[in-house]
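Chain by chain, the residues:
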Amino acid sequence: MAKNMQNTAYRKIDVDAFDPEKYDENEEGTETPGLGPDERAVVSMLNTNRNLEALQASLLSPPFKTKNQAMKDKSTQLVAKVLQAFKSSEIEAAVQRLSIEEGDILMKYVFKAMEILADPAVCQSLLAWHSQLVAKFGLGCIIRVMTNRQRL
């Protein structure tokens, strides 16, 4: 045995600071609190047929920071409702107006909606959105969503 087992002065690095569970990819902070989209505003936009504005409003504040899974599922259902409001001919034009960040968030919602919603009509709509997102943003969109630690 070593003679200086009790001496820990040689430890200069706090190894607990490198815990992967405490890692925050966006340490510089974000403007959005991450509490989910404003449901009343999104629904009112849908009722007045402003689908693109409703889509952008629903992607504005995704609930990444909350641990309440019910809130995340409710926001996913709201985004799925927005996506179903689009006609199939309008999907491509809507995707073309999205930024890369919005496309990644939307892809997360598409994957989560495929997981929690089992209706075939919803899944058909989600697959149409998925194909248009891949067409615009490429496979990198899928990879960024799968490797991102912020989950819905």
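Residues numbered from 1 in each chain as written. Predicted model: local features only at pLDDT ≥ 70, side-chain atom pairs only at ≥ 80, totals over all residues. Heavy atoms only, no water.

A.B. asks: What's the story with the side chain of asparagine 148 in this structure? I'm lost.
C.D. replies: As for its placement among the helices and strands, asparagine 148 is situated in the segment after helix H7 (139-147). Here the side chain of asparagine 148 touches glutamine 150 through a polar contact of 3.1 Å, landing on its backbone nitrogen. (Helix = DSSP H or I, 4+ residues; strand = E, 2+ residues; numbered from the N terminus. Polar contact = N/O pair within 3.5 Å; in protein donor to acceptor, adjacent residues only side chain to side chain.)

A.B. asks: I keep staring at the pattern of salt bridges and nothing clicks. Help me out?
C.D. replies: Pairs can form between side chains of opposite charge whenever their charged atoms are close. Tallied over the full model, the rule gives four salt bridges. Across the salt bridge formed by glutamate 39 and lysine 74, the nearest N and O atoms sit 3.4 Å from each other. In this pair, glutamate 39 is assigned in helix H1 (residues 39-47) and lysine 74 in helix H3 (residues 69-85), connecting sequence segments 35 residues apart. With relative accessibility at 35%, the residue glutamate 39 sits in the partly exposed group. We note a salt bridge from glutamate 53 to arginine 50, for which the minimum N-O separation is 3.5 Å. A residue is classified by how much of its surface remains accessible, and arginine 50, at 37% relative accessible area, is partly exposed. (Salt bridge = Lys/Arg side-chain N within 4 Å of Asp/Glu carboxyl O. Buried < 20%, exposed > 50% of the residue type's maximum accessible area, 1.4 Å probe, protein only.)

A.B. asks: How do you make sense of the nonpolar core when you look at a structure like this?
C.D. replies: Where a protein is soluble and globular, its nonpolar side chains tend to be buried together. By size, the foremost hydrophobic cluster in this structure holds 35 residues, and its most contacted members are Leu55, Leu83, Leu106, Trp129 and Leu133. Those elements that provide at least two residues to this core are H1, helix H2 (51-59), H3, helix H4 (91-96), helix H5 (100-116), helix H6 (120-137) and H7. Considering each element in turn, this core owes the most residues, six residues, to H5. Tryptophan 129 has contacts with Leu55, Leu83, Phe86, Ile91, Ala94, Val95, Leu106 and Val110, leaving out every residue within four places of it along the chain. (Core = buried A, V, L, I, M, F, W, Y, C linked by side-chain atoms within 4.5 Å. Contact = heavy atoms within 4.5 Å.)

A.B. asks: Looking at this structure, how should I read the side chain of histidine 130?
C.D. replies: Among the structural elements, histidine 130 can be located in helix H6. For histidine 130, a relative accessible area of 18% translates into the label buried. Beyond its immediate stretch of four places on either side in the chain, histidine 130 contacts Met107, Val110, Phe111, Met114 and Ile142.

A.B. asks: Just to check I follow, could you spell out the packing of aromatic side chains for this structure?
C.D. replies: What characterises a pair of aromatic rings is the spacing of the ring centres plus the angle enclosed by the ring planes. Enumeration over the complete set of coordinates arrives at one aromatic pair. Ring geometry for phenylalanine 86 and tryptophan 129: centres 5.1 Å apart, planes at 80 degrees, overall edge-to-face. One end of the pair, phenylalanine 86, is in the loop between H3 and H4; the other, tryptophan 129, is in helix H6, and 43 residues separate them in sequence. Here phenylalanine 86 matches tryptophan 129 in class, with each residue buried. Positioned above the aromatic ring of phenylalanine 64 is the side chain of lysine 108, whose terminal nitrogen or guanidinium carbon lies 4.2 Å from the ring centre. (Phe/Tyr/Trp six-rings, centres within 6.5 Å; stacked < 30°, edge-to-face > 60°. Lys NZ or Arg CZ within 6 Å of the ring centre and 35° of its normal.)

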